[in-house]
Amino acid sequence: MKRRFILLYLLLTGVLMSAQEKMPVSYDFGEKFSDRYRYSNLLTISDDGTGGYILVRAYYQGLILKPKGYLIERYNNNLELVSEYNYKLKGLNFVDGFFKNGQLNLLFLDYNYNRGQYEYWVHTSPIIDFNFRPKKLLSIASEEVRNPVGKNYYNRNFSSGFSTTILFNEEKTGFVISTHHKKGKQNKHIIHLYDTALNKQFEHDFSHEIEEKNYAFENVAISSDLQTAYIVGKAYFKKKRFRVDERKFQYELIKVSPGGSKTQSFVDPGKYPEALYPIILKNRLVCAGFYADRKDNRYNGIAYFDVSPVSLDINSKKYNPFSQQFMEDKFGREEEKVIKNLVFKGVEVTPSEEIFFNAEEYFVTTGMEVTGAGQRVKLERFHHNDIVSAKLDPKGNLIWARNINKTEVTQGDGAYASYSSYCKNGKTYFFICTASENPQLINNERLIFKQGLSRNRNVFMISLDENGVMDYEKIIDNQEARLPLMVSKPLKISNDDNMLFYAKRGSKKQLVKVSFL
């Protein structure tokens, strides 16, 4: 009896210890619904303001797949499909969409051949009774060009004659539309700021700044009164002579308001800031990102700048090199390896103004493939690899940085690849979707999550605690998640500590809700 009691005690202790290590989440699957559009892309997913959810998908049909319209789905709080609306609209280029005050807004960029101009349009409808009404936001006279909104993370083409960028702030309270048109001696760059009620707050003629540099804007932060936009981007020099060790661009912060604009560059000898992100704090403005010791696309650590919101003067700056722990996470004990191609994915700020941010190693490769008819076609493959996560204290000192190894490549919908993240109580959680049953252990010291070959996908959750200690768990098995989750396009419901994911394959679809306990 005594031995049995000891054995039972050990078993219970093991169960309790195992339970303590479990990720603090639960999940619910919505009902599977039939879907008549096999080929589609999820564009937006939002809270509908009444406890339910609204999703917008672009769908494609035909022997040669072409966009035919937009399917709008409404779900209730029980993850049940309530209604669908087919907005049959084609010929316009979708830019972005958002839901505000009971209105669904879809933003498009169209070229008007009769008037020879680009036009930004927004199609707006209440979700109670769908009745879309188009409204023109602005127009820019220009010849038609290829990919005017095309974004390349490492280079930008300014020779086409017209380019435009639209950037929303993290809170989705407003957005900036940048338009740059060049023809002969005419060279116009205008910055427009709108709130998400579609009211133009102001526009600013930025043309005087582009005599020597072209600007490729990347991120924006907008003041609470919607009267100031802080835009970070690359400034490409036009005529400057460069030394071998110099880059042809520099990162700059541009402050734009009805009263004009100011510019601050981030230039230090031997330091090259990269992928900076503006963050408005209580009485401060900071820019956080990466930096390199050389001019190429490699990264050596975390950069931090404390900037005056009024004058843009740099009050303080920090260059935090990647730690040995970080390098071993990524490369093991190999030497002469470099970090490169990092793209920002998310920023979280705690009440004490600690900053968590994460990025992903992203790049595109091209290759040729022979079709069944014997034709050679060019294919692009999109690689979503390692996750980089960092925590900074309120003064910009690096507390920890960790690298999560993963490899993913896709030729199609990127929503199923990449990852999403959530911060709670000083911990950062990552969701990835993979066909692998378990991460692979390399040299007994490094974990790597690989894509796998099965159609069914497991959902893994990776955690980094307050000290950067890593843990992981398979939270949803592929026998439960029969439909793959669009893991990189969730809806974060911070008030309820929920994450909502859309799952779809072929003619079946459902919602999956993950709740933090």
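Predicted model, so just to flag it, every value in this text is computed and none were measured.

Student: Got a minute to help me understand the overall build of the protein chain in this structure?
Tutor: Secondary structure summary: the protein chain contains 2 helices and 38 strands in total. On C-alpha atoms alone, the protein chain measures out to a radius of gyration of 24 Å, which is about the 24 Å that the 2.2 N^0.38 rule sets for 517 residues. Taken over the C-alpha atoms alone, the protein chain extends approximately 95 × 55 × 55 Å along its principal axes. The buried share among the 517 residues of the protein chain stands at 52%. The contacts in the protein chain between residues at least 6 apart in sequence include a share of 49% that link residues at least 24 apart. Here the protein chain displays about 25,700 Å² of accessible surface, and carbon together with sulfur accounts for 48% of that area. Taking the average place of the 73 positive charges on the side chains of the protein chain and the average place of its 60 negative ones, the gap between the two points comes to 5 Å.

Student: Can you walk me through the environment of Asn-187 in this structure?
Tutor: Relative to the helices and strands, Asn-187 is located in strand β13 (residues 186-195). Residues Asn-187 and Phe-162, spaced 25 residues apart in sequence, show a C-alpha to C-alpha distance of 9.9 Å. In contact with Asn-187, other than residues within four places in its own chain, are His-180, His-181, Lys-182, Ser-207, Ile-210 and Lys-238. A distance of 2.8 Å separates the side chain of Asn-187 from the side chain of His-180, its partner in a polar contact.

Student: It is not clear to me how the sheet that holds strand β11 (residues 162-168) should be interpreted in this structure. Could you clarify?
Tutor: The strands making up a sheet associate through backbone hydrogen bonding, with each pair oriented either parallel or antiparallel. Strand order in the open sheet formed by 4 strands is β11-β12-β13-β14, and the pairing between neighbours is antiparallel. For this open sheet the edge positions go to β11 and β14 (200-205), each flanked by a neighbour on one side alone. The average angle at which neighbouring strand axes cross in this sheet is 15°, direction not considered. As paired strands, β11 and strand β12 (residues 174-183) are joined by 7 bridges and run antiparallel to one another. Bridging from a neighbouring strand, Ile-166 pairs with Ile-177 of β12.

Student: I would appreciate a short explanation of the environment of Ala-503 in the present structure.
Tutor: Mapped onto the fold, Ala-503 is located in strand β37 (residues 498-505). On a C-alpha basis, the gap between Ala-503 and Val-487 in space is 8.5 Å, while along the polypeptide they are 16 residues apart.

Student: Teacher, can you tell me more about the side chain of Asn-169 here?
Tutor: In this structure, Asn-169 sits in the loop between β11 and β12. One polar contact links Asn-169 to Thr-173, side chain to side chain, over a distance of 2.8 Å. Setting aside residues up to four positions removed in sequence, Asn-169 forms contacts with Gly-174, Val-220 and Ile-222.

Student: Explain the confidence of the model for the protein chain to me, please; I cannot follow it from the model alone.
Tutor: The predicted structure's coordinates, where accompanied by low pLDDT, should not be read in detail. Taken as a whole, the protein chain shows an average pLDDT of 87; of its residues, 91% reach a score of 70 or greater. Counting contacts from residues 1-20, a segment whose pLDDT is below 50, to residues more than four positions away or on other chains yields 0 contacts.

Student: Quick question: what am I supposed to make of helix α2 (residues 324-331) here?
Tutor: What sets the pattern is the α-helix's 3.6 residues per turn: residues three or four places apart point alike. If you check which residues of α2 are buried, you get Phe-326, Asp-329, Lys-330 and Phe-331. Down the axis of α2, the buried side of the element spans an arc of 165°, and every buried residue falls inside it. If you follow the buried residues of α2, they end up packed against β24 (339-340), β26 (355-370), β27 (376-392), β28 (398-407) and β33 (446-450). Just downstream of α2 lies Gly-332, where phi reads positive at about 70°.

Student: What is the right way to read empty space enclosed by the protein from this model?
Tutor: All chains considered together, the criterion is met by 2 cavities of 30 Å³ or more. Approximately 30 Å³ is the volume found for the second largest cavity. Around the second largest cavity, the lining residues are Lys-406, Thr-407, Glu-408, Ile-432, Cys-433, Thr-434, Phe-449, Lys-450 and Gln-451. Elements with a contribution of two residues or more to the lining of the second largest cavity: β28, β31 (427-434) and β33.

Student: How should I be thinking about the sheet that holds strand β10 (residues 133-141) in this particular structure?
Tutor: Read across the sheet, 4 strands follow the order β7-β8-β9-β10 without closing on themselves; strand pairing throughout is antiparallel. Strands with a single pairing partner mark the edges of an open sheet, and in this sheet they are β7 (93-100) and β10. Adjacent strand axes in the sheet meet at a mean angle of 20° when their direction is disregarded. In this structure, strand β8 (residues 103-112) lies alongside strand β9 (residues 117-126), joined through 10 bridges in antiparallel fashion.

Student: Even after reading the chapter, I still don't get the side chain of Ser-420, so can you show me in this structure?
Tutor: Along the polypeptide, Ser-420 turns up in strand β30 (residues 420-424). For Ser-420, a relative accessible area of 5% gives the class buried. Not counting residues up to four positions away in its chain, the partners in contact with Ser-420 are Tyr-429, Phe-430, Phe-431, Val-487, Pro-490, Met-499 and Phe-501.

Student: Looking at this structure, I do not really get the environment of Thr-44. What am I missing?
Tutor: Inspection of the secondary structure assignment puts Thr-44 in strand β3 (residues 40-47). What makes Thr-44 buried here is its relative accessible area of 9%. In this structure, the C-alpha to C-alpha distance between Thr-44 and Phe-98, residues 54 residues apart in sequence, is 6.9 Å. Those residues in contact with Thr-44 that sit more than four places away from it in its chain are Ile-54, Leu-55, Val-56, Phe-94 and Gly-97.

Student: Would you take a moment to explain the packing of aromatic side chains for this structure?
Tutor: Aromatic ring pairs are defined here through the distance separating the ring centres and the angle between the ring planes. Applying the stated criterion across every chain, the model contains 40 aromatic pairs. With a centroid separation of 6.2 Å and 20° between ring planes, the pair formed by Phe-130 and Phe-132 is classed as stacked. Taking the centre distance of 5.4 Å and the plane angle of 50° together, the rings of Tyr-236 and Phe-249 count as tilted. Residue Tyr-236 is found in strand β16 (residues 229-237), and its partner Phe-249 is found in strand β17 (residues 249-257); the two are separated by 13 residues along the sequence. A relative accessible area of 11% places Tyr-236 in the buried class. Among the aromatic residues, those joined into a cluster by ring pairs are Tyr-277, Phe-290, Tyr-299, Phe-344 and Phe-357. Above the ring of Phe-168, the side-chain terminus of Lys-172 is found at 4.1 Å from the ring centroid. Above the plane of the ring of Tyr-419 lies Lys-345, whose end atom (NZ or CZ) is 5.1 Å from the centre.

Student: Which parts of the structure should I look at to understand the pattern of salt bridges?
Tutor: Side chains bearing opposite charge may pair, as long as their charged atoms lie close to each other. Here the structure, examined in full by the defined rule, presents 29 salt bridges. We note a salt bridge from Glu-473 to Lys-22, for which the minimum N-O separation is 3.7 Å. Residue Glu-473 is located in strand β35 (residues 470-476), and its partner Lys-22 is located in the loop between α1 (2-21) and β1 (25-29); the two are separated by 451 residues in the primary sequence. A salt bridge links Lys-330 to Asp-386; the shortest N-O distance between them is 2.7 Å. One end of the pair, Lys-330, is in helix α2; the other, Asp-386, is in strand β27, and 56 residues separate them in sequence. Asp-386 carries the same exposure label as Lys-330, and that label is buried. The network of salt bridges with common partners includes Asp-35, Arg-36, Arg-57, Glu-73, Glu-84, Lys-504 and Lys-509.

Reading the values: rules and limits
- Residues numbered from 1 in each chain as written.
- Predicted model: local features only at pLDDT ≥ 70, side-chain atom pairs only at ≥ 80, totals over all residues.
- Heavy atoms only, no water.
- Helix = DSSP H or I, 4+ residues; strand = E, 2+ residues; numbered from the N terminus.
- Rg over C-alpha atoms; globule rule 2.2 N^0.38 Å.
- Buried < 20%, exposed > 50% of the residue type's maximum accessible area, 1.4 Å probe, protein only.
- Contact = heavy atoms within 4.5 Å.
- Areas by Shrake-Rupley, 256 points an atom, 1.4 Å probe, with all protein chains shown as cover.
- Lys, Arg positive; Asp, Glu negative; His and termini not counted.
- Charge placed at Lys NZ, Arg CZ, Asp CG, Glu CD.
- Polar contact = N/O pair within 3.5 Å; in protein donor to acceptor, adjacent residues only side chain to side chain.
- Pairing = 2+ DSSP bridges.
- Axes fitted to C-alpha atoms, helices over the stretch in contact; angles between N-to-C directions.
- pLDDT = per-residue confidence, 0-100.
- Arc of directions from axis to C-beta.
- 1 Å grid on protein atoms, 1.4 Å probe; cavity = no way out; pocket = protein on both sides within 12 Å on 5 of 7 lines; lining within 4 Å.
- Points joined across faces, edges and corners; volume = space filled by probe spheres on them.
- Phe/Tyr/Trp six-rings, centres within 6.5 Å; stacked < 30°, edge-to-face > 60°.
- Lys NZ or Arg CZ within 6 Å of the ring centre and 35° of its normal.
- Salt bridge = Lys/Arg side-chain N within 4 Å of Asp/Glu carboxyl O.

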